[in-house]
Amino acid sequence: RKGRSPAPSSVSGPPSSINSRKETDTVSLRADITKDIAAAMKAGEKEKLSTLRMLLSAAKYKEVDLKRELNDEEFQQVASTLIRQRQDSIEQYIKGGRQELADKEAREIEFIKAYMPAQLSADEVRAIVKKAAGETGASGPGDMGKLMKAVMPQVKGKADGKLVNDIVKEVLGA
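Just so we're clear, the structure is a prediction, and the values are computed from it rather than from any experiment.

The rules behind the values
Residues numbered from 1 in each chain as written. Predicted model: local features only at pLDDT ≥ 70, side-chain atom pairs only at ≥ 80, totals over all residues. Heavy atoms only, no water. Helix = DSSP H or I, 4+ residues; strand = E, 2+ residues; numbered from the N terminus. Contact = heavy atoms within 4.5 Å. 1 Å grid on protein atoms, 1.4 Å probe; cavity = no way out; pocket = protein on both sides within 12 Å on 5 of 7 lines; lining within 4 Å. Points joined across faces, edges and corners; volume = space filled by probe spheres on them. Nonpolar A, V, L, I, M, F, W, Y, C, P; charged D, E, K, R; others polar. Core = buried A, V, L, I, M, F, W, Y, C linked by side-chain atoms within 4.5 Å. Buried < 20%, exposed > 50% of the residue type's maximum accessible area, 1.4 Å probe, protein only. Axes fitted to C-alpha atoms, helices over the stretch in contact; angles between N-to-C directions. Left-handed = near helix turned anticlockwise from the far one by under 90°.

Here the focus is the side chain of glutamate 63. With respect to the helices and strands, glutamate 63 occurs in helix H2 (residues 46-66). If we ignore the near neighbours within four places in the chain, the residues touching glutamate 63 are Arg30, Arg68, Glu69 and Leu70.

Further remarks concern the layout of surface pockets. For the largest pocket, the calculated volume is near 480 Å³. Looking at the largest pocket, it is lined by 19 residues, and the ones nearest its centre are Ser80, Met116, Gln119, Gly157 and Ala159. Of all the secondary-structure elements, those providing two or more residues to the lining of the largest pocket are helix H3 (72-95) and helix H6 (144-155). Of all the elements, H3 adds the most residues to the lining of the largest pocket, at 7 residues. Residues of the lining of the largest pocket, tallied by class, amount to 6 nonpolar, 7 polar and 6 charged.

Attention now moves to the nonpolar core. Ranked by size, the top nonpolar core spans 21 residues in total, and within it Ile33, Ile37, Leu55, Phe75 and Tyr115 carry the most contacts. Elements with a minimum of two residues in this core: helix H1 (29-43), H2, H3 and helix H4 (99-113). Broken down by element, this core gets its largest block of residues, 6 residues, from H3. Those residues within four positions of phenylalanine 75 in sequence are excluded, and the remaining contacts are Leu29, Arg30, Ile33, Leu55, Leu56, Ala59 and Leu70.

This part takes up the packing of H2 against H4. The N-to-C vectors of H2 and H4 enclose an angle of 65°; their axes lie 10 Å apart at closest approach. Remark: the crossing between H2 and H4 carries right-handed chirality. Facing Glu47, Lys48, Thr51 and Met54 of H2, the residues of H4 in contact are Lys104, Arg107, Glu108, Phe111 and Ile112. The class makeup of the residues in the contact of H2 with H4 is 3 nonpolar, 1 polar and 5 charged.

This is the structure in structure tokens:
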């Protein structure tokens, strides 16, 4: 061990298992995923490992397109896109009678959702839509675009666009 400094005797801060993704903003999602890939490798969780590698790969493709690193919000948009793709696949697999493949896609969605912010409930989205409708004066189906424009920035990344669209239609009576 000549020329090497001794290993630190203790690591400062709480153990990593105590910190959750949602609580720490100091660590990027990329670092979280990389750490989770290593943990999945060690634990032999092949399906989780494959899904996390696919998520990281999709993010890298997006970075190449943008010619810069993604911030956490953009990373979550990539994850959201992958979730939507898997939901579409589940529908197709069920129509085709391939339940085992639909189940696999559903498990992949759960792995990816771990890197997404908590989703708003339908009631929370409805409250936001009603408040925005009052503020914008939207009253009928013709005001749908105006109301969507007001609502989407408030729920971006926290609610599915289809859910928001359905609630806006319901509130406007469309």
